[in-house]
Amino acid sequence: MNIPFHQTSLIKTRDGSNSLFSEQFNTSFHSLFGAIEESKHVFIEQGLKPLLNTEQKEISIIEIGFGTGLNTLLTIREVLQKPITINYHAVEFYPIDFEKINELNYFKDDTALDALFKKIHHQEWNQTRAVLPHFNLTKHWLQIEKFKIPIKADVIYFDAFSPREQPELWTEDIFLNMYSMLKWPGKLVTYCAQGQMKRNLKSAGFIVKALPGFANKREMTIGLKV
Ligand SMILES: C[S@@+](CC[C@H](N)C(=O)[O-])C[C@H]1O[C@@H](n2cnc3c(N)ncnc32)[C@H](O)[C@@H]1O
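Quick caveat: nothing in here was measured; it's all calculated off a predicted structure.

About the thresholds
- Every chain begins its residue count from 1, and numbering advances along the sequence as written.
- Note on the predicted model: pLDDT of at least 70 is required for a residue's local features to be given, and 80 or more for side-chain atom pairs to be given and counted; whole-chain, interface and lining totals, by contrast, use all residues.
- To assign burial, the other C-beta atoms lying within 10 Å of each residue's own C-beta are counted, with C-beta atoms placed from the backbone; 20 or more indicates buried, 12 or fewer indicates exposed, and intermediate counts indicate partly exposed.
- Going along the chain from the N terminus, every DSSP run of H or I of four or more residues is numbered as a helix, and every run of E of two or more is numbered as a strand.
- Along the arc lie the directions from the helix axis toward the C-beta atoms.
- Placing C-beta atoms from the backbone, we regard two residues as in contact once those atoms come within 7 Å.
- For each residue, a C-beta atom is placed from the backbone, and the residue is labelled near a molecule or strand when this atom is within 6 Å of it.
- Charged residues are taken to be Asp, Glu, Lys and Arg, nonpolar residues to be Ala, Val, Leu, Ile, Met, Phe, Trp, Tyr, Cys and Pro, and polar residues to be all remaining types, Gly included.
- Strand pairing is assigned whenever DSSP identifies at least 2 bridges connecting the two strands.

A. Here's a closer look at helix α5 (residues 172–180). Taken as a whole, α5 has its buried residues at Ile174, Phe175 and Met178. All buried residues of α5 fall inside an arc of 95 degrees around its axis, so they share one side. Projecting away from the buried face of α5 at angles above 90 degrees are the exposed residues Asp173 and Ser180. Looking at the buried residues of α5, the elements they touch are β8 (153–158), β9 (182–190) and α6 (195–203).

B. Focus on helix α2 (residues 70–79). By the criterion of burial, α2 is predominantly enclosed, with seven of the 10 residues buried. If you check which residues of α2 are buried, you get Leu70, Asn71, Thr72, Leu73, Leu74, Thr75 and Ile76.

C. Main features of the site of the ligand. Around the ligand, 19 residues are found, and the nearest of them are Gly65, Gly67, Thr68, Leu70 and Phe93. Within the shell around the ligand, the residues separate by chemical class into eight nonpolar, eight polar and three charged.

D. Examining the sheet that holds strand β1 (residues 8–12) more closely. Across the sheet, three strands lie side by side as β1-β2-β3; this open sheet has antiparallel pairing. Each edge of the open sheet carries a strand with a single partner, namely β1 and β3 (27–28). Looking at chain direction, β1 and strand β2 (residues 18–22) are connected through five bridges and run antiparallel. Looking at the pairing, leucine 10 lines up with leucine 20 of β2.

Purely geometric stuff here, so don't read any function into it on its own.
Shown next, in the form of structure tokens:
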């Protein structure tokens, strides 16, 4: 596979966690106010946690934009001790080289989590592997525009670069595809709150809800398939 590695440089965010700046798309991978705190606020608190408070014993998650693997790692961390099976599908077309991954400082002082972080990055693309006995990960090396899998997810972490950098990833057509890969009920969560993006979500069939955003962002968005 001729993988086009992402051109990035390391940055530090205000909660002490590192992130990356994409030279390719001229934007950062996370909020400068805190990579870990932003991912927790948007994807863990609003995407994952409500599902953990139900009777459900198996949860399927799609992540749009695997990037540094932070959302995947935070999801693993959240379910480590829980009697629940997770099927996690992440999509990425511009993976990060291992040298950069090694410079990221997510939970470095937690040996077990750090080992899992390395493990998810070293996992082959397009193969399903049990990262933990109850956590199955598939990393799809593919363009988001072409991503289609015959599973139905409970939640989609929609974490593409913003519509300013990549308007083509926030269209009605993309959201129609996302809608088709969700269970009923299911939901899509994103940090983004742009007006046109919300209208596109609505046209694709989602019920659109605004929630308080992270740090300097007034809102974030949830699209419900109900
Ligand atoms: C905001 S970052 C994702 C951050 C990531 N979720 C994390 O936890 O670090 C957006 C990601 O989308 C990826 N990306 C951009 N365009 C893409 C495309 N057309 N298809 C697949 N991935 C793409 C980028 O390479 C980048 O990793």
